[in-house]
Amino acid sequence: MENMESQMQPGILRLEIEENEKKLADFEGQIEKERNEGLFFKNLRERTTKEKVEAKEETEKIKELTKENAGSKVKKNIYLALISVLVIGITASLISPSSDWRKVAVLGAILVAFLSQFICEQRMHSEAAERTEKEKTKEEKE
């Protein structure tokens, strides 16, 4: 009789543990669902015009800052130095009697990437300079 009771207890304990784990999993699922619903509906609400204006101003500030930082002289000098190192490397590879075309091709691809980035930086810097000049002339007229 005692043997049957001792065998029943681990079975009962196992059932209780499984039941508690199931309750915990259901509870965690419910919490996650409620959290996601709250975030979903929070994002659906209409924004006021004040919030829209603030967001637009913030976006403009970020764009302006990015363009100003893009044209820094340090970046330009680094690009120019890297481009000249690549040109020297390509020239040295072409002049050497045992020139490996794969090395020249890889260095050429890297050179094209740096040149395109340098041109993009120059363009962004010139646009930013034009914009500041227009703003200065506009302020002087007023």
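Small disclaimer: the values here were computed from a predicted structure and weren't measured.

A cluster of acidic residues, E60, E64, E135, E139 and E140, forms a negative patch on the protein surface. Looking at the negative patch element by element, the count peaks at three residues for helix 4 (residues 101–141). Among the structural elements, E140 can be located in helix 4. Look at E140 and you get exposed, because its relative accessible area is 66%.

Here the focus is the nonpolar core. Y79, I83, L86, I90, V104, L107, L111 and F118 together form the largest nonpolar core, which totals eight residues. Taken together, the elements giving at least two residues each to this core come down to helix 3 (73–95) and helix 4. Setting aside its immediate chain neighbours within four residues, L111 contacts I83, L86, V87 and I90.

Cut-offs applied
Residues numbered from 1 in each chain as written. Predicted model: local features only at pLDDT ≥ 70, side-chain atom pairs only at ≥ 80, totals over all residues. Heavy atoms only, no water. Patch = residues over 30% accessible without salt bridge, like charges linked within 9 Å, V, L, I, M, F, W, Y side chains within 5 Å. Areas by Shrake-Rupley, 256 points an atom, 1.4 Å probe, with all protein chains shown as cover. Salt bridge = Lys/Arg side-chain N within 4 Å of Asp/Glu carboxyl O. Lys, Arg positive; Asp, Glu negative; His and termini not counted. Charge placed at Lys NZ, Arg CZ, Asp CG, Glu CD. Helix = DSSP H or I, 4+ residues; strand = E, 2+ residues; numbered from the N terminus. Buried < 20%, exposed > 50% of the residue type's maximum accessible area, 1.4 Å probe, protein only. Core = buried A, V, L, I, M, F, W, Y, C linked by side-chain atoms within 4.5 Å. Contact = heavy atoms within 4.5 Å.

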